[in-house]
Amino acid sequence: MLPEGSRVRTRAEHARVGTAGRRTRSGPLVVHSLWTTSGESPRAGFVVGRRVGNAVVRNRVRRRLREQVRARLGQLPAGTMLVVRALPEAASASSELLGQALDDALARAARAASDAPRDNAHARRVRAPRPVVGSSR
């Protein structure tokens, strides 16, 4: 189990990581990562939707993911926030495959983050839809 202070818990934190962070897909996982300049210890959250399976399967997948992330949290830089989303294929994936997918996603996200500047605010702003100028009729 992850230590109490190392979890992304609130809806606002999940939304911040999802909108301002980088999204990387690797096998049965999608990893959203946000690297900030805050000195906080790395934190992680999990999303395992109903498409993965029934409650027993979802909880099993979440426990396996939590263990894989816990083993890797110490290697992440301070200020890192992760949200790991399990896709339906995660239900039948082995723990080894989940670990490899997580390693691959984190490595790709780290390479992309080293190219981009770090920022505490939203790095990527959501653009408002364009106003409709004329009628299409």
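Structural data are supplied above this passage.
Keep in mind the model is a prediction, meaning the values are calculated, not measured. (Residues numbered from 1 in each chain as written. Predicted model: local features only at pLDDT ≥ 70, side-chain atom pairs only at ≥ 80, totals over all residues. Heavy atoms only, no water.)

On to the pattern of salt bridges. Applying the stated rule across the entire model yields six salt bridges. R25 is paired through a salt bridge with E89; the nearest N and O atoms lie 3.2 Å apart. Of this pair, R25 sits in strand 1 (residues 22-26) while E89 is found in the loop between strand 4 (80-86) and helix 3 (95-115), placing the two residues 64 residues apart along the sequence. Look at R25 and you get partly exposed, because its relative accessible area is 48%. You can call E89 partly exposed: its relative accessible area is 40%. We note a salt bridge from R70 to E67, for which the minimum N-O separation is 2.5 Å. (Salt bridge = Lys/Arg side-chain N within 4 Å of Asp/Glu carboxyl O. Helix = DSSP H or I, 4+ residues; strand = E, 2+ residues; numbered from the N terminus. Buried < 20%, exposed > 50% of the residue type's maximum accessible area, 1.4 Å probe, protein only.)

What follows concerns the environment of L29. Among the structural elements, L29 can be located in strand 2 (residues 29-35). On the basis of relative accessibility, which here comes to 0%, the residue L29 falls in the buried class. In the structure, L29 is positioned 56 residues away from R85 in sequence and 5.8 Å away in space, judged by C-alpha atoms. In contact with L29, other than residues within four places in its own chain, are T24, L65, V84, R85, A86, L87, L98, A101 and L102. (Contact = heavy atoms within 4.5 Å.)

Distances and angles like these do not, on their own, reveal function.
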